[in-house]
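Residues per chain are reported as follows:
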Amino acid sequence: MKRAISTDDAPAAVGAYSQATTNGEMLFTAGQLPLTTDGELLDDAPVDEQTRQCLENVSAILQSEGGSMDDVLKTTVFLDDIDDFDEFNQAYSEFFDEEPPARSAVEVGRVPKGAAVEIEALAVTE
């Protein structure tokens, strides 16, 4: 049975979607932008800082369900400029230990709200 997830420790959804959903076994986050819980968009910040904020948001959602970044099986990363990949990757690697999740990273025409990066995650909840 699907259940929507919402936590005050991550930015509120800015549209007709949930921060995440779960069926009790898997958790799917919405794409997380570099938004703070206060709603500040870090769109002018360097890509590494934006990446850290996106992943802090993913982490907060997982923690609200008793999980952690260790539970992430797969991430999908949307970059507005693939030339930022090395800077992104350096910050991204800070969030995962020896066994990082599978990942796709693609350049897109635009990321919502003018951000440089958006990250979504799929995690186990058991």
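Since this is a predicted model, take the numbers as computed values, not measurements.

A. Representation of helix H1 (residues 47-64) in the model. With 18 residues, H1 ought to run about 26 Å at 1.5 Å a step, and its terminal C-alpha atoms sit 26 Å apart, in line with that. Within H1, burial applies to Val47, Gln50, Thr51, Gln53, Cys54, Leu55, Asn57, Val58, Ser59, Ala60, Ile61 and Leu62. In this fold, the buried residues of H1 make contact with strand E1 (3-5), strand E2 (20-22), strand E3 (26-29), strand E4 (72-79), helix H2 (85-93) and strand E6 (117-124). Directly after H1, the chain includes Gly66, whose backbone phi takes a positive value near 85°.

B. The arrangement of the pairing of E6 in detail. For E3 and E6, the ladder comprises 3 bridges, and the chain directions are antiparallel. In the sheet register, Leu27 faces E6, and the bridge partner there is Ala123. The sheet contact formed by E4 and E6 spans 7 bridges and is antiparallel. Residue Val72 lies in a different strand from E6, and its bridge partner there is Ala123.

C. Region of interest: the packing of aromatic side chains. According to the stated counting rule, one finds 3 aromatic pairs in the structure shown. Aromatic side chains Phe85 and Phe88 sit 5.7 Å apart centroid to centroid with 55° between the ring planes, which places their arrangement in the tilted category. In this pair, Phe85 and Phe88 are both assigned in helix H2, 3 residues apart and thus about one turn of the helix distant. Given a relative accessible area of 24%, Phe85 falls into the partly exposed group. According to the relative accessible area criterion, Phe88 is buried, its value standing at 0%. Joined through ring pairs, the aromatic side chains of Phe85, Phe88, Tyr92 and Phe96 make up one cluster. Cation over ring: Arg103 sits above Tyr92, and NZ or CZ is 4.6 Å from the ring centre.

D. Focus on the sheet that holds strand E5 (residues 102-107). Taken in spatial order, the 6 strands of this open sheet run E1-E2-E3-E6-E4-E5, and their pairing is mixed. For this open sheet the edge positions go to E1 and E5, each flanked by a neighbour on one side alone. Mean inter-strand twist for the sheet, computed between neighbouring axes without regard to direction, equals 15°. Pairing geometry for E2 and E3, over 3 bridges, is antiparallel. Bridging from a neighbouring strand, Ala20 pairs with Thr29 of E3. Contacts from H1 reach E1, E2, E3, E4 and E6, with the element oriented near 30° to E6.

Scoring rules and cut-offs
Residues numbered from 1 in each chain as written. Predicted model: local features only at pLDDT ≥ 70, side-chain atom pairs only at ≥ 80, totals over all residues. Heavy atoms only, no water. Helix = DSSP H or I, 4+ residues; strand = E, 2+ residues; numbered from the N terminus. Expected span 1.5 Å × (residues − 1). Buried < 20%, exposed > 50% of the residue type's maximum accessible area, 1.4 Å probe, protein only. Contact = heavy atoms within 4.5 Å. Pairing = 2+ DSSP bridges. Phe/Tyr/Trp six-rings, centres within 6.5 Å; stacked < 30°, edge-to-face > 60°. Lys NZ or Arg CZ within 6 Å of the ring centre and 35° of its normal. Axes fitted to C-alpha atoms, helices over the stretch in contact; angles between N-to-C directions.

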